[in-house]
Amino acid sequence: MEIVAAPTSGSALQRVLDRVEESGRPPHAVPDPIHRSWERCAGAGIDPDHVAVPFEPDVEADSRLSWAAGPAMTAVSEALADEPVALLLADQRGHVVQRAVGSTKAADVMDGIGAAPGFVCREELVGTNSIGLALLTSSLNVVRGFEHYADNLTVVSCASAPVVHPATGQRLGVVNITSKAGAFHAALPALLDRVLAETRARLSEEHGVPSPELRAAFLSARRKTKGPLIAVSSNTMFFNTAAGATLSSHLDRAAVWAWAEQQIHSHQGAAEAVLPLSQGPRLARAVPVYDGASLAGALVTIGPSPTPAPNAIPLGDATARGWSSLTEAERNIAQQVARGLTNRETAALLFLSPHTVDYHLRQIYRKLAVQSRVEMARVVDANH
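This is a predicted model, so every value here is computed, not measured.

### A closer look at the sheet that holds strand β6 (residues 229-232)
Read across the open sheet, the 5 strands follow the order β7-β6-β10-β9-β8; overall the sheet is antiparallel. Bordering the open sheet on either side are β7 (237-239) and β8 (273-275), each of which pairs with just one other strand. Strand-to-strand twist across the sheet, computed as the mean angle between neighbouring axes with direction ignored, equals 40 degrees. Taken together, the 4 bridges between β6 and strand β10 (residues 294-302) define a ladder with antiparallel strand orientation. Paired with Val 232 across the strands is Ala 298, a residue of β10. Across the face of the sheet, helix α8 (residues 212-224) comes into contact with β6, β7, β9 (282-291) and β10 while running at roughly 25 degrees to β10. Against the sheet, helix α10 (residues 253-265) makes contact with β6, β7, β8, β9 and β10, and its axis sits at roughly 105 degrees relative to β10, the strand it touches most.

This is how it looks when you write it as C-alpha cells:
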C-alpha cells in the first residue's frame with residue numbers, strides 16, 4: 001500500500017506557481033495580494049489538489065442582510081440570464097446564505113464548485129477566493145480563475161465586496177458575483193456597485209424606523225398638547241395634525257433635527273428659540289427623548305412666529321458672515337468635507353445623518369458666501 005505524504009508549505013506553493021507557469025502566464029501576472037494569499041494557504045497546510053468546500057446546511061435565509069441584498073441580487077442576475085453568472089451573499093463567517101442565478105445552466109455550474117447556499121468560503125478553509133479576501137481586507141477583491149489556490153476553483157472567476165451598514169458601520173457580510181472563468185469581464189465587478197448601493201439604501205430605510213421610546217413619548221405628549229407637535233430624530237419625523245400645517249413637507253426634517261440637536265447639546269432645549277422652517281421661522285422648544293443613555297430623538301413643540309424687533313432687518317438679510325459665524329457643528333462638518341470626505345462619510349464619522357450634513361452644508365455655503373467645496377476648503381485652510 002502506497003502512503004502519500006502531505007505536501008509541505010513550500011511544495012504546495014510551488015505546485016500552484018507551476019500551474020500558473022504551465023498556463024503560459026508570466027510571474028508578474030499574479031498580483032501581490034493574491035501571492036500573499038497563496039503563501040497563507042500553503043502555510044496553513046491546504047493541499048491545492050484536494051480542497052473540499054465545507055458545507056453547513058443551516059442557513060439564515062431571512063436575515064436582515066438577505067432582506068436588504070436580495071432584490072438587487074435578483075434584478076442583476078435576471079439581467080445576466082444569458083451568461084453563466086451567479087450572485088452570492090455570504091455572512092460575516094463566509095457562509096453563503098443566498099444565491100441568485102438567471103438560468104438553470106448557471107446554477108449547475110455553481111453547484112459543481114460549491115457556490116451555493118450552505119457552503120463556507122473562508123480563505124483558511126478553501127484557499128484563495130474573493131469572498132475570503134473581502135472578509136480579510138474589507139474592500140473589493142477580484143480573483144480570476146487561475147488566481148484561485150485550489151485547482152478545482154480555477155474554472156470560475158469572481159469578485160466580492162463587503163456589505164457595511166450605512167448607519168452603524170457594522171460589516172454584515174459579503175456580496176459576490178461569480179462566472180465561468182472564460183466569461184468573466186470588467187462589467188461584472190462594476191455590477192456589485194449597483195447591488196451594494198441598493199442594499200445600503202434598504203438598510204438606511206430600515207434604520208429610519210422610529211425607536212419605540214420616541215413613538216411612545218410622542219403619543220403621550222400628543223394627548224396633552226393642543227398645538228403643533230413634532231417627533232424627530234436623525235432618520236425620521238412624524239407630527240400631529242396641527243404641525244402638518246406648519247411643515248411644507250418632510251424636507252423640513254433635516255432642519256428640525258439639526259436645530260433640535262443644537263438646542264439639546266447646548267442644554268437650551270427647554271428655552272424657547274427660533275426654529276427655521278421652509279414656511280418661515282417659528283418659536284419652538286425641544287425636549288430630548290432617550291433610549292437608555294442614547295439620544296433617541298426629540299419632541300419639538302411649535303409656537304407662534306417670532307415678533308421682529310423695532311427697525312429690525314428681516315431674518316436672513318442680517319445673517320452673520322464668515323468663519324466666525326459658523327456653529328461648532330458647522331465647523332466640524334466643514335473641516336471634514338474640506339478633507340475630501342463625502343457627505344455620507346462625514347455623517348458616519350460625526351455620528352450624524354446624511355440629511356443633517358446636507359442641511360448644515362447649505363448653511364455653511366450661505367454663511368461663507370461660497371458655491372463649491374473647493375471654495376469652502378480654501379476658507380477652512382485660511383482659518384487653520
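### Focus: the nonpolar core
Val 30, Ile 34, Trp 38, Ile 131 and Tyr 149 are the most contacted members of the largest nonpolar core, which has 35 residues in total. Every element with two or more residues in this core is listed here: α1 (9-22), α2 (32-43), β1 (85-91), α6 (130-137) and β4 (156-164). Residues in contact with Val 30, not counting those within four places in the same chain, are Val 20, His 35, Trp 38 and Phe 146.

### Side note on the state of the cysteines
On inspection of all chains with the given rule, the structure shows 0 disulfides. Cysteine Cys 41 is unpaired, with the sulfur of Cys 121 as its nearest cysteine sulfur at 13 Å. For Cys 158, which is in no disulfide, the shortest distance to another cysteine sulfur is to Cys 121 and amounts to 8.7 Å. The class of Cys 158 is buried, set by a relative accessible area of 5%.

### Quick word on the sheet that holds strand β2 (residues 96-101)
If you walk across this open sheet you meet the 5 strands as β2-β1-β5-β4-β3, and the pairing is antiparallel. Each end of this open sheet is capped by a strand with a single partner; those strands are β2 and β3 (141-143). Going from strand to strand, the sheet's axes swing by 20 degrees on average, the running direction of each strand aside. Across 7 bridges, the pairing between β1 and strand β5 (residues 171-180) is antiparallel. Note on β5: the bridge partner recorded for Ala 90 is Val 174. Packed onto the sheet, helix α3 (residues 64-79) meets β1, β2, β4 and β5 and runs at close to 170 degrees relative to β1.

### Let's talk about helix α13 (residues 354-368)
With 15 residues, α13 should cover 21 Å at 1.5 Å per step; its first-to-last C-alpha distance of 21 Å lies within 8% of that length. Inspection of α13 places Thr 356, Val 357, Tyr 359, His 360, Leu 361, Gln 363, Ile 364, Lys 367 and Leu 368 among the buried residues, and these make up the whole buried set. Contacts made by the buried residues of α13 are with α10, α11 (328-338), α12 (343-350) and α14 (373-382). Following α13 by one or two positions, Ala 369 adopts a phi angle in the positive range, close to 55 degrees.

### Here's the deal with the confidence of the model for the protein chain
Residues of the protein chain with pLDDT of at least 70 account for 91%, and the chain-wide mean is 84. Taken as a whole, residues 1-6 scores under 50 in pLDDT and shows 0 contacts with residues more than four places along the chain or in a different chain. Taken together, the stretch residues 312-320 has pLDDT below 50 and engages in 5 contacts with residues farther than four places along the chain or on a different chain.

### Thoughts on the side chain of Asn 343
In this fold, Asn 343 is placed in helix α12. At 2.5 Å, the side chain of Asn 343 and the side chain of Asp 358 are in polar contact. Of note is the side chain of Asn 343, whose polar atom sits 2.3 Å from the side chain of Arg 373. Sequence-distant contacts of Asn 343, that is, excluding residues within four places in its chain, are made with Val 357, Asp 358, Leu 361 and Arg 373.

### As for the packing of α1 against α2
Two quantities define a packed helix pair, namely the angle between the axes and the distance from one axis to the other. With their axes 8 Å apart at the nearest point, α1 and α2 run at an angle of 140 degrees to one another. The angle between α1 and α2 falls in the class oblique. Crossing angle aside, the handedness with which α1 passes α2 is right-handed. For the pair α1 and α2, contact is made by Ser 9, Ala 12, Leu 13, Val 16, Leu 17 and Val 20 and by His 35, Trp 38, Glu 39, Ala 42 and Gly 43, respectively. For the contact of α1 with α2, a count of residues per class yields 7 nonpolar, 3 polar and 1 charged.

Definitions and cut-offs
- Residues numbered from 1 in each chain as written.
- Predicted model: local features only at pLDDT ≥ 70, side-chain atom pairs only at ≥ 80, totals over all residues.
- Heavy atoms only, no water.
- Pairing = 2+ DSSP bridges.
- Helix = DSSP H or I, 4+ residues; strand = E, 2+ residues; numbered from the N terminus.
- Axes fitted to C-alpha atoms, helices over the stretch in contact; angles between N-to-C directions.
- Contact = heavy atoms within 4.5 Å.
- Core = buried A, V, L, I, M, F, W, Y, C linked by side-chain atoms within 4.5 Å.
- Buried < 20%, exposed > 50% of the residue type's maximum accessible area, 1.4 Å probe, protein only.
- Disulfide = S-S within 2.5 Å.
- Expected span 1.5 Å × (residues − 1).
- pLDDT = per-residue confidence, 0-100.
- Polar contact = N/O pair within 3.5 Å; in protein donor to acceptor, adjacent residues only side chain to side chain.
- Parallel < 35°, antiparallel > 145°, perpendicular 65-115°, else oblique.
- Left-handed = near helix turned anticlockwise from the far one by under 90°.
- Nonpolar A, V, L, I, M, F, W, Y, C, P; charged D, E, K, R; others polar.

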